[in-house]
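So the chains spell out like this:
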Amino acid sequence: MQSTARFFDRKNFPHGFSRSGVFTLAESDLLENYGRAMQALSDGSQSPQDESDLQFVKEVSGDLPPQSAEAKVWLKYMEKAFGKRRVYVLCGEGKKKASKSSDTADSEEIDEPQIDVVDDELIANMDNE
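Not measured: the values here are computed from a predicted model. Each chain has its residues counted from 1, following the order in which its sequence is written. Confidence filtering applies because this is a predicted model: local features only for residues at pLDDT of at least 70, side-chain atom pairs given and counted only at 80 or more, and all residues used for totals across whole chains, interfaces and linings. In computing side-chain values, all of the structure's heavy atoms are included and hydrogens and water are not.

> With reference to specific residues and values, describe the overall build of the protein chain.
When helices and strands are counted, the protein chain shows four helices and four strands. A run of DSSP states H or I qualifies as a helix once it reaches four residues; a run of E qualifies as a strand once it reaches two. Both are numbered from the N-terminal end. In the protein chain, the succession of α and β elements from N to C terminus is α-α-α-β-β-β-β-α. The cut-offs for exposure are 20% and 50% of the maximum accessible area for each residue type, with area from a 1.4 Å probe on protein chains only; residues under the lower value are buried, those over the upper are exposed, and the others partly exposed. Evaluated residue by residue, the protein chain yields a buried proportion of 21% over its 129 residues. Summarising the internal contacts of the protein chain: among those between residues at least 6 apart in sequence, 56% fall at separations of at least 24. Here, residues are in contact when the closest pair of their heavy atoms is within 4.5 Å.

> Help me get a handle on the packing of helix H2 (residues 51-61) against helix H3 (residues 69-82), residues and values and all.
Two elements in contact, H2 and H3, have axes whose closest approach is 9 Å; the angle formed by their N-to-C orientations is 35°. H3 is crossed by H2, and the crossing has right-handed handedness. Counted together, Phe56, Glu59 and Val60 of H2 and Glu70, Ala71, Trp74 and Leu75 of H3 form the full contact between these two elements. Put simply, Ala, Val, Leu, Ile, Met, Phe, Trp, Tyr, Cys and Pro go in the nonpolar bin, Asp, Glu, Lys and Arg in the charged bin, and everything else, Gly too, in the polar bin. Of the residues that constitute the contact of H2 with H3, the class distribution is five nonpolar, no polar and two charged. Every angle, taken between N-to-C directions, lies between 0 and 180 degrees, and every axis is a line fitted to C-alpha atoms, over only the stretch in contact when it is a helix. By convention, the crossing between two helices is left-handed when the near helix turns anticlockwise from the far helix through less than a right angle, and right-handed when the turn is clockwise.

> Please provide a residue-by-residue account of the pattern of salt bridges, values included.
A side chain with one charge may pair with a side chain of the opposite charge, provided their charged atoms come close. The salt bridge definition used is simple: a Lys or Arg side-chain nitrogen within 4 Å of an Asp or Glu carboxyl oxygen. Applying the stated rule across the entire model yields two salt bridges. Two residues, Lys76 and Glu27, come together in a salt bridge whose shortest N-O distance is 2.9 Å. Residue Lys76 is located in helix H3, and its partner Glu27 is located in helix H1 (residues 25-43); the two are separated by 49 residues in the primary sequence.

> Please provide a residue-by-residue account of the packing of aromatic side chains, values included.
Each pair of aromatic rings taken from Phe, Tyr and Trp, with Trp reduced to its six-membered ring, is defined by centres within 6.5 Å and is described as stacked if the planes are under 30 degrees apart, edge-to-face if over 60, and tilted in the remaining cases. Throughout the structure, instances matching the rule amount to 10 aromatic pairs. Seen from their ring centres, Phe7 and Tyr77 are 5.6 Å apart, and the 85° between their planes marks the pair as edge-to-face. Taken as a pair, Phe7 in the segment before H1 and Tyr77 in helix H3 lie far apart in primary sequence, 70 residues in all. For the pair Phe7 and Tyr77, one class covers both residues: buried. Through a chain of ring-to-ring contacts, the aromatic side chains of Phe7, Phe13, Phe17, Phe23, Trp74, Tyr77 and Phe82 assemble into a single cluster. Only when the NZ of Lys or the CZ of Arg is both within 6 Å of the ring centre and within 35 degrees of the ring normal is a charge said to sit over the ring. Geometry around Phe8 places Arg10 over its ring, the cationic atom sitting 4.8 Å from the centre.

> Residues and numbers for H2, please.
Within H2, burial applies to Asp53, Phe56, Glu59 and Val60. Across the axial projection of H2, the buried residues extend over an arc of 125°, all falling on one side. Where the residues of H2 are buried, they touch H1 and H3. Positive backbone phi, approximately 95°, marks Gly62, located one or two places after H2. What the arc measures is the spread of directions leading from the helix axis to the C-beta atoms.

> Residues and numbers for the nonpolar core, please.
Counting residues in hydrophobic clusters, the biggest one holds 15 residues, and the most contacted among them are Phe17, Phe23, Leu31, Phe56, Trp74 and Tyr77. Within the residue set of this core, elements represented by two or more residues are H1, H2 and H3. The element that contributes the greatest number of residues to this core is H3, accounting for five residues. Other than its neighbours up to four places away in sequence, Tyr77 contacts Phe7, Asp9, Phe13, Phe17, Phe23, Leu31 and Phe82. We define the nonpolar core as a collection of buried residues of types Ala, Val, Leu, Ile, Met, Phe, Trp, Tyr and Cys that are connected through side-chain atoms lying within 4.5 Å of one another.

Rendered as structure tokens:
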């Protein structure tokens, strides 16, 4: 792979790939050195120049299982940067007063919090409004 410049993703990894805690040093080096070429090959803006580039394209498109280090790190990057993440939000009303039909007047019922799953798209739409 040939890359003209170093690859950075300041939006998703503002402190760099190596400081993110997601990638190993070897993976972050691959992304920084060849990320632009990987991006161009995976989105189709650059055609494969040799057999290894063609192999990479097939691996990231799902035609072949990922075997090369480049394909594995690119798929990991795509999942961490743009994949579906789940955000858990606790919702609850807190304490409720005991009902009159209760046997003990001193008892109070506490609602268990409900856990909702919120998609990134929903959060992005809420932020844009």
